[in-house]
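What follows is each chain in one-letter form.
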Amino acid sequence: MHFFKQNGPGLLLCLIIALPCWYLGQLFPVIGGPVFAIVVGMIITLLWKNQTSFADGITFTSKKILQYAVILLGFGLNLSEIAKVGALSLPIICSTIATSLIIAFLLYRFMKIPANISTLVGVGSSICGGSAIAATAPVIGADDEEIAQAISVIFLFNVLAALLFPSFGGAIGLTNDGFGLFAGTAINDTSSVTAAASTWDTLHGTQGAVLAYATIVKLTRTLAIIPITLVLAFWQVRQAKRSNEARCGSFSLKQIFPFFILFFVLASIITTVATMNGVDATVFNPFKSLSKFFIIMAMAAIGLHTNIIKLVRTGGKPILMGFCCWVGITGVSLGMQHLLGLL
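What counts and what doesn't
Residues numbered from 1 in each chain as written. Predicted model: local features only at pLDDT ≥ 70, side-chain atom pairs only at ≥ 80, totals over all residues. Heavy atoms only, no water. Helix = DSSP H or I, 4+ residues; strand = E, 2+ residues; numbered from the N terminus. Buried < 20%, exposed > 50% of the residue type's maximum accessible area, 1.4 Å probe, protein only. Contact = heavy atoms within 4.5 Å. Areas by Shrake-Rupley, 256 points an atom, 1.4 Å probe, with all protein chains shown as cover. Phe/Tyr/Trp six-rings, centres within 6.5 Å; stacked < 30°, edge-to-face > 60°. 1 Å grid on protein atoms, 1.4 Å probe; cavity = no way out; pocket = protein on both sides within 12 Å on 5 of 7 lines; lining within 4 Å. Points joined across faces, edges and corners; volume = space filled by probe spheres on them. Nonpolar A, V, L, I, M, F, W, Y, C, P; charged D, E, K, R; others polar. Patch = residues over 30% accessible without salt bridge, like charges linked within 9 Å, V, L, I, M, F, W, Y side chains within 5 Å. Salt bridge = Lys/Arg side-chain N within 4 Å of Asp/Glu carboxyl O. Expected span 1.5 Å × (residues − 1). Axes fitted to C-alpha atoms, helices over the stretch in contact; angles between N-to-C directions. Left-handed = near helix turned anticlockwise from the far one by under 90°. Core = buried A, V, L, I, M, F, W, Y, C linked by side-chain atoms within 4.5 Å.

A. Spatial organisation of the overall build of the protein. The number of helices and strands found in the protein is 17 helices and zero strands. Structurally, the protein occupies a C-alpha span of about 60 × 50 × 45 Å along its principal axes. Burial status across the protein gives 50% buried among its 343 residues. Taking contacts inside the protein between residues at least 6 apart in sequence as the whole, the part at least 24 apart equals 81%. Total accessible area on the protein is roughly 15,900 Å²; 69% of this is exposed by carbon and sulfur atoms.

Given below as structure tokens:
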């Protein structure tokens, strides 16, 4: 009862914001519900300063609900099916992920961009946009404004890719499979991959074949969330342990390690084992839908904690980083296809 008294108002507010944003995300999938939720939250905060009675629930939503969303996201990953069908794209996926992370690291060092934003933009650009940011942010302890900044950058290049890549792919003479592979490895968010591949199908009369192929490639790429977040988690634990030893304090793995990532992996394994034993994959669709809705709720909370004016003022360097990652991934995706003789 105390929990609902303390967190109920904020949770309800985030739920009320999330519902229409979910609907808008269905109408405009290239933008997506999370982006609508962040924007609405930031506008509300700009107009309504005193959120004291809602603060606990908003914080709970931006932290805990986000973690629950990531756990449920695991039910959308059938490891065996993705590994079997997406094996051809693996070298390109590994190359594009490495490229984005290296570019983000170099710009972090040379342009003095904050470490958390650099990590979120690098991971979001290289893996799967908002989902990767949602999974990574709690692991590295990113605050709400850093998450909002990264989501905004990723959104900008999602929209550009969805609009430009079908025409660009046609201009350079990509085959149907070539564009599916290109879209799945060079566009960072699933909704934008879907939009670009669907546009290609419409332009070239391929009856959904490119959309199906690009989606499989994208899901294969999504698997990278698991090793990336685990590596970051152990890195955070190592840094925290060193810090505690330097202060001669006690170290608690339970307090430092983000165990929700292990539940995310467990959810993926459950889905894989169940489907291998004849369970229909559609059984897990409600979990995937709930995960997407929880992410929208969490983004609404993050928007409520974000100063939109400050976000605009400090957005230049992260946008440049996102652009460099985007160009790097695009070039490497096409270059690797050429190298492997797939173009």
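B. Just the packing of aromatic side chains, in detail. Summed over the entire model, instances satisfying the criterion amount to 16 aromatic pairs. Geometrically, the ring pair formed by F105 and Y108 is tilted, given 6.1 Å between the ring centres and 45° between the ring planes. One end of the pair, F105, and the other, Y108, are both in helix α5 (residues 90–111), three residues apart, so they sit about a helical turn from each other. Overall, the relative accessible area of 30% leaves Y108 in the partly exposed class. Taking 6.3 Å as the distance between ring centres and 40° as the angle between the ring planes, the aromatic pair formed by F165 and F168 counts as tilted. Of the two residues, F165 and F168 are both situated in helix α8 (residues 144–171); the distance of three residues between them amounts to about one turn of the helix.

C. Just the layout of surface pockets, in detail. Approximately 1,200 Å³ is the volume attributed to the largest pocket. Around the largest pocket, the lining comprises 43 residues; the ones closest to its centre are L73, S131, T190, S191 and K292. Estimates place the volume of the second largest pocket at around 530 Å³. As for the second largest pocket, its lining consists of 15 residues, of which F105, A115, T119, L232 and W235 are closest to the centre. When grouped by side-chain class, the residues that make up the lining of the second largest pocket number 11 nonpolar, four polar and no charged.

D. Main features of a nonpolar patch on the surface. Taken together, the side chains of V39, I43, L46, L47 and I309 present a nonpolar region at the surface, about 450 Å² in accessible area. Counting residues per element, the nonpolar patch draws most heavily on helix α2 (residues 33–47), at four residues. Here L47 is to be found in helix α2. Judged by relative accessible area, which is 72%, L47 ranks as exposed.

E. A look at helix α11 (residues 209–222). When the terminal C-alpha atoms of α11 are compared, their 20 Å separation across 14 residues agrees well with the 20 Å that a helix rising 1.5 Å per residue should span. Taken together, the buried positions of α11 are V210, Y213, A214, V217, K218, T220, R221 and T222.

F. The pattern of salt bridges, seen in detail. Under the criterion given, the structure shown has one salt bridge. For D144, the salt bridge goes to K63, with nearest N and O atoms at 3.7 Å. With a gap of 81 residues between them, D144 in helix α8 and K63 in helix α3 (residues 55–73) connect regions that are remote in the sequence. Exposure remark for D144: the relative accessible area of 6% places this residue in the buried category.

G. The packing of helix α9 (residues 176–186) against α11, seen in detail. Between α9 and α11, whose axes approach to 8 Å, the crossing angle comes to 35°. With respect to the hand of their crossing, α9 and α11 are arranged in right-handed fashion. For the pair α9 and α11, contact is made by N176, D177, F179, G180, L181, A183, G184, T185 and A186 and by V210, Y213, A214, V217, K218 and R221, respectively.

H. Fine view of the packing of α8 against α9. With their axes 11 Å apart at the nearest point, α8 and α9 run at an angle of 145° to one another. Read as a crossing pair, α8 and α9 show a hand that is right-handed. Contact with α8, carried on its side by F165, P166, F168 and G169, involves F179, F182 and A186 of α9 and no other residues of that element. Taken together, the residues that form the contact of α8 with α9 break down as six nonpolar, one polar and no charged.

I. Highlighting the nonpolar core. Residues I127, I147, F179 and M299 are the most contacted members of the largest nonpolar core, which totals 99 residues. The biggest single contributor to this core is helix α15 (residues 285–304), with 11 residues. Once residues within four sequence positions are removed from consideration, M299 is found in contact with P34, A37, I38, L66, I147 and I151.

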